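Chain by chain, the residues run as shown.
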Amino acid sequence: MNTNQQPDIHLNLNVRGLPVSATLAINERSNELLKEGRQVYKLGLGQSPFPVPQPVVDMLKVNAHQKDYLPVKGLMELRNTVADYYRRTQGLDYSGEDIIIGPGSKELMFIVQLVYYGDLMIPTPSWVSYAPQAQIIGRQVKWIDTTESNKWLITPEEIDKECSKDPSRPRILILNYPNNPTGYTYGPEQLEALAEVARKYKIVVLSDEIYGELHHEGKHISIARYYPEGTIISSGLSKWCGAGGWRLGTFAIPRTLRWLLDKMSVVASETYTATSAPIQYAAVSAFKGGLAIENYLWQSRRIVKALGTWCADMLIEKGVGVERPMGGFYLFPDFEPLREKLEKKGIYTSSELCETILNEAGVAMLPGSEFGRPEKELTVRLAYVDFDGARAITAAEQIPSEEELNGEYLRTYCGNVVKAIEKVCDWIG
Ligand code: GLU
């Protein structure tokens, strides 16, 4: 027997058969195809197209020499700055003691599930990693159904239906808005109603607000305003600050759940030790905000709003089920109305749909089945991020702020996304 090849039998049952995360796998596959000389439009991985804002890059340079291990829960100055950020942007009352910093919010999500003993409730569709994380740890996943006609948003009735089966059971509910994969978000009344049912069942709400600053109108509201005692707000630098590869995530955890934060830091101390020091110093300037960051965010929102609207409108014209997005940089189109046509091409599942579009049109996307949707439903996620965000921001700055970015702008500065959508539309025929 070749000892380098571990037979399955020696693998922990929870990870047996688990593949590499779909978002990362599609990115690596797209890069391989590009290397082979194939034309590939990368709408697979949801990576911010925008650069890290200059003041944040400058702070990283200045702090490159920071070599010491930092405190497990994070640099105190950064924790205080994140608390101030939530006071300033959401009117929430956190102190630095309520904040924990980690190497990406994904890692913090993993360890909170590890230390809290409860079921994980997630809406379908949901981001690709929530359910596998629960599976690795050995937690039960309860999928909460949503409907396309309600923009795939979770309702208090659905939560009530699940929780009333066993009212005192401990549970974490993941809410994510603006949403990955759908691009839709919740308004204040919807959040208030969700808060009410969460309070009724003492649910820990893990509110993944990493796309909050990319709400297309700049009007993101946290559910922590309505359910402060039971909400953990998750965020980080990856999406709104263009720094996915820097790996910095934040959790804001209310005093009532301090025991959870403390235990998370025990796990952190025994696993990743502390988050990278230079990155934490640089992150202070990102969360402090200021004019340069505000301008950067304003232009980022303006661009993703114009581009997301354009993509949705093009697909709607072709009869695909989708609406204009409200935040972030994703669309979750439903090709169900075209089923008859697609079946003639031998396409019956979302995976077959994505595979064929990649092979025949060169556009990489992810099947809805990766997001917890039934394999036979013809939904896909596309990330409209394949463009040079630095160039796009510089050009947008030259266009008066009251003007919308038009088709000509999008074609010039977000060309690959425009071409990709045109390819998909041509492919539909
Ligand atoms: N969140 C991004 C996505 O959904 C990519 C990063 C990741 O999945 O870890 O595509």
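Everything below is about the structure printed above this text.
Before going into details, it helps to say that this report is about the structure given with it.

Rules of the game
Residues numbered from 1 in each chain as written. Predicted model: local features only at pLDDT ≥ 70, side-chain atom pairs only at ≥ 80, totals over all residues. Heavy atoms only, no water. Phe/Tyr/Trp six-rings, centres within 6.5 Å; stacked < 30°, edge-to-face > 60°. Helix = DSSP H or I, 4+ residues; strand = E, 2+ residues; numbered from the N terminus. Buried < 20%, exposed > 50% of the residue type's maximum accessible area, 1.4 Å probe, protein only. Near = heavy atom within 4 Å. Polar contact = N/O pair within 3.5 Å; in protein donor to acceptor, adjacent residues only side chain to side chain. Axes fitted to C-alpha atoms, helices over the stretch in contact; angles between N-to-C directions. Parallel < 35°, antiparallel > 145°, perpendicular 65-115°, else oblique. Left-handed = near helix turned anticlockwise from the far one by under 90°. Contact = heavy atoms within 4.5 Å. Pairing = 2+ DSSP bridges. Right-handed = clockwise from strand over helix to strand, strands pointing away. Core = buried A, V, L, I, M, F, W, Y, C linked by side-chain atoms within 4.5 Å.

### Thoughts on the packing of aromatic side chains
Part 1: The tally for this structure, following the rule as stated, stands at 15 aromatic pairs.
Part 2: Between Tyr 85 and Trp 240, the ring centres sit 6.2 Å apart and the planes meet at 0°, which makes this aromatic pair stacked. Separated by 155 residues along the polypeptide, Tyr 85 in helix 3 (residues 76-90) and Trp 240 in the loop between strand 7 (231-236) and strand 8 (249-252) bring together distant segments of the chain. Per residue, the accessibility class of Tyr 85 equals that of Trp 240, and both read buried.

### Concerning the site of the ligand
Part 1: Residues in contact with the ligand, as listed here, are Thr 23, Leu 45, Gly 46, Lys 106, Trp 127, Asn 180, Tyr 211, Lys 239, Tyr 330 and Arg 381.
Part 2: Interatomic distance of 2.7 Å between a backbone N/O atom of Gly 46 and an oxygen atom of the ligand.

### So, the packing of helix 6 (residues 156-163) against helix 7 (residues 188-200)
The relative placement of two packed helices comes down to the angle between their axes together with the axis-to-axis distance.
Part 1: At their nearest, the axes of helix 6 and helix 7 sit 9 Å apart, and the two run at 15° to each other. For the element pair helix 6 / helix 7, the angle class is roughly parallel. The two elements helix 6 and helix 7 meet at a crossing, and its hand is right-handed. Within the contact between the two elements, helix 6 uses Pro 156, Ile 159 and Asp 160 and helix 7 uses Ala 193, Leu 194, Val 197 and Lys 200.

### Let's talk about the pairing of strand 6 (residues 204-208)
Part 1: Burial within strand 6 is extensive, with five of its five residues counted as buried.
Part 2: Neither face of strand 6 is exposed, since Val 204, Leu 206 and Asp 208 on one face and Val 205 and Ser 207 on the opposite face are all buried.
Part 3: In terms of strand pairing, strand 5 (residues 171-176) meets strand 6 through five bridges, oriented parallel. Each bridged residue has a counterpart across the sheet, and for Leu 173 the counterpart in strand 6 is Val 205.
Part 4: Crossover handedness for the path strand 5 to helix 7 to strand 6: right-handed.

### As for the nonpolar core
Nonpolar side chains tend to gather and get buried jointly when the protein is soluble and globular.
Part 1: Counting residues in hydrophobic clusters, the biggest one holds 144 residues, and the most contacted among them are Phe 251, Ile 303 and Phe 335.
Part 2: No other element matches the 11 residues that helix 10 (residues 291-317) contributes to this core.

### Things to note about the side chain of Thr 182
Part 1: Relative to the assigned elements, Thr 182 resides in the loop between strand 5 and helix 7.
Part 2: Classification of Thr 182 by relative accessible area gives buried; the value is 2%.
Part 3: In terms of polar contacts, Thr 182 uses its side chain to reach the backbone amide nitrogen of Tyr 184, at 3.1 Å.
Part 4: Residues contacting Thr 182, with those up to four places away along its chain left out, are Pro 125, Lys 151, Trp 152, Tyr 330, Leu 331 and Phe 332.

### Description of the sheet that holds strand 9 (residues 330-331)
Part 1: One open sheet holds the three strands; their spatial order is 9-12-11, and the pairing between them is antiparallel. For this open sheet the edge positions go to strand 9 and strand 11 (366-367), each flanked by a neighbour on one side alone.
Part 2: Pairing of strand 11 with strand 12 (residues 380-383) involves two bridges; the strand directions are antiparallel. In the sheet register, Leu 366 faces strand 12, and the bridge partner there is Arg 381.

### Quick word on unusual backbone geometry
Part 1: A cis geometry characterises the amide bond from Thr 124 onward to Pro 125, with omega recorded as 5°.
Part 2: Of the consecutive residues Asn 180 and Pro 181, the connecting peptide bond is found in the cis state with omega at 25°.
Part 3: Note on placement: Pro 181 falls in the loop between strand 5 and helix 7.
Part 4: You will see that Arg 247, though not glycine, has its phi angle at about 60°, which is positive.
Part 5: By relative accessible area, Arg 247 is classed as partly exposed at 34%.

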